[in-house]
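Structural features, examined
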Amino acid sequence: MNIVLFGPPGAGKGTQAYKLVKELKMIKISTGDLLREEVEKKTTLGQKIKSIIDKGLLVSDQMINDLIEKILSNHNYANKLIFDGYPRTIDQAKNLDYLLKENNQKISCVLSLNVDKESVIKRILSRQICLKCGHIFNKFSNPSNKENHKCDLKYLNTRSDDNENTIRHRFETYTKETFPILDYYRSQNLLHEIDGMLEINEILEEIRAIIHSL
């Protein structure tokens, strides 16, 4: 099973992806994570990526596609992937279909968490990310505690770009770029839209029901 998970920044994609990874023994694929890992490995591609990011530019679709191709060609990851926030463009979506087909795989379902702009702003302004384990928490709806987080509280951090102006811009960018991709998957009868305003566990229950129905 391969799942694509969509939603605007702050919709709770990371939280749900983490729960599915834990519950279904799946592997989360985030392009942001892939880019950082490649840079840390100091590969030729990683050096190119670092140069582009350092200049404040966007990494090309081709570079992203190359990273995704490496993942899909790894047989250990076959049919147990959760794509978190990828693809971001129609071209990436079509390329993902092509690469999956080349590796005898397919997308099982596409899940879209729908959240309004003002709720996204409120959520992100109270978001905390653990610098050690990468898990995402929220001061109000999902605070870090001894049961759900083993790292020291000193590792909790607020991202520098989690400010209202940046959040509004990111939401508008998501709306503009991602809605056409949702239509692309809707035409293939793969899209399942979920009310992202529900409680975390209620959203998880809906996702479980969708996966169970496949």
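A few points on the structure. Computed from a prediction, not measured in an experiment: that's the story for all the values here.

**As for the sheet that holds strand S6 (residues 136-138)**
Within the open sheet, the 3 strands sit side by side as S6-S5-S7. Their pairing is antiparallel. Every other strand in the sheet has two partners, leaving S6 and strand S7 (156-157) as the edge strands with one partner each.

**Some thoughts on the sheet that holds strand S8 (residues 191-195)**
With respect to topology, 5 strands assemble into an open sheet ordered S2-S3-S1-S4-S8, the strand pairing being parallel. At either margin of the open sheet sits one strand with a lone partner, and together these are strand S2 (27-29) and S8. Within the sheet, the average angular offset between the axes of one strand and its neighbour, ignoring direction, is 25°. Sheet analysis places strand S1 (residues 2-6) next to strand S3 (residues 81-84), joined by 4 bridges and oriented parallel. Note that in S3 the partner of Val4 across the bridge is Phe83.

**Concerning the packing of helix H6 (residues 117-125) against helix H7 (residues 164-186)**
Packing of H6 against H7 brings their axes to within 10 Å, and their N-to-C directions diverge by 135°. The angle between the axes of H6 and H7 places the two elements in the oblique class. Relative to H7, the crossing made by H6 is right-handed. Contact with H6, carried on its side by Lys117, Glu118, Val120, Ile121, Ile124 and Leu125, involves Glu164, Ile167, Arg168, Phe171 and Glu172 of H7 and no other residues of that element. Here the residues of the contact of H6 with H7 sort into 6 nonpolar, no polar and 5 charged.

**Topic: the packing of aromatic side chains**
Across all of its chains, the model carries 4 aromatic pairs by this definition. With a centroid separation of 6.1 Å and 40° between ring planes, the pair formed by Phe83 and Tyr86 is classed as tilted. By relative accessible area, Tyr86 is classed as buried at 0%. Members of the aromatic cluster, each reached through a chain of ring pairs, are Phe6, Tyr184 and Tyr185.

**Brief notes about the nonpolar core**
Counting 31 residues, the largest nonpolar core has Ile68, Phe83, Leu96 and Tyr185 as its most contacted members. Of all the secondary structure elements, the ones that give two or more residues to this core are S1, helix H2 (31-41), helix H3 (44-54), helix H4 (61-72), S3, helix H5 (90-102) and H7. Ranked by residue count, the leading element in this core is H4, at 6 residues. Setting aside chain neighbours within four positions, we find Ile68 in contact with Ile29, Leu34, Phe83, Tyr86, Leu96 and Leu99. One finds Ile3, Cys109, Leu111 and Val115 within the second-largest nonpolar core, a separate group that totals 22 residues.

Conventions and cut-offs
In every chain, residue numbers begin from 1 and rise along the written sequence. Only residues with pLDDT of at least 70 are given local features in this predicted model, and only at 80 or more are side-chain atom pairs given and counted; all residues enter the totals for whole chains, interfaces and linings. Hydrogens and waters are ignored; side-chain quantities use all the structure's heavy atoms. The pairing criterion for strands is at least two bridges between them, as found by DSSP. Helix and strand labels come from DSSP, where a helix needs a run of H or I of at least four residues and a strand needs a run of E of at least two; each type is numbered from the N terminus. To get an axis, a line is fitted to the C-alpha atoms, and for a helix only the part in contact is used. The angle between two axes follows their N-to-C directions and goes from 0 to 180 degrees. Each angle receives one of four descriptions, namely roughly parallel if under 35 degrees, roughly antiparallel if over 145, roughly perpendicular if within 65 to 115, and oblique otherwise. Take the far helix as your reference; a near helix turned counterclockwise from it by less than a right angle gives a left-handed crossing, and one turned clockwise gives a right-handed crossing. Every residue pair with non-hydrogen atoms within 4.5 Å of one another is taken to be in contact. For this classification, the nonpolar set comprises Ala, Val, Leu, Ile, Met, Phe, Trp, Tyr, Cys and Pro, the charged set comprises Asp, Glu, Lys and Arg, and every other residue, Gly included, is treated as polar. Any two rings among Phe, Tyr and Trp, with Trp reduced to its six-membered ring, count as a pair given centres within 6.5 Å; such a pair is stacked if its planes are under 30 degrees apart, edge-to-face if over 60, and tilted if neither. Exposure categories follow from relative accessible area, calculated using a 1.4 Å probe and restricted to protein chains: below 20% of the type maximum is buried, above 50% is exposed, and the middle band is partly exposed. By nonpolar core is meant a set of buried Ala, Val, Leu, Ile, Met, Phe, Trp, Tyr and Cys residues that side-chain atoms within 4.5 Å join together.

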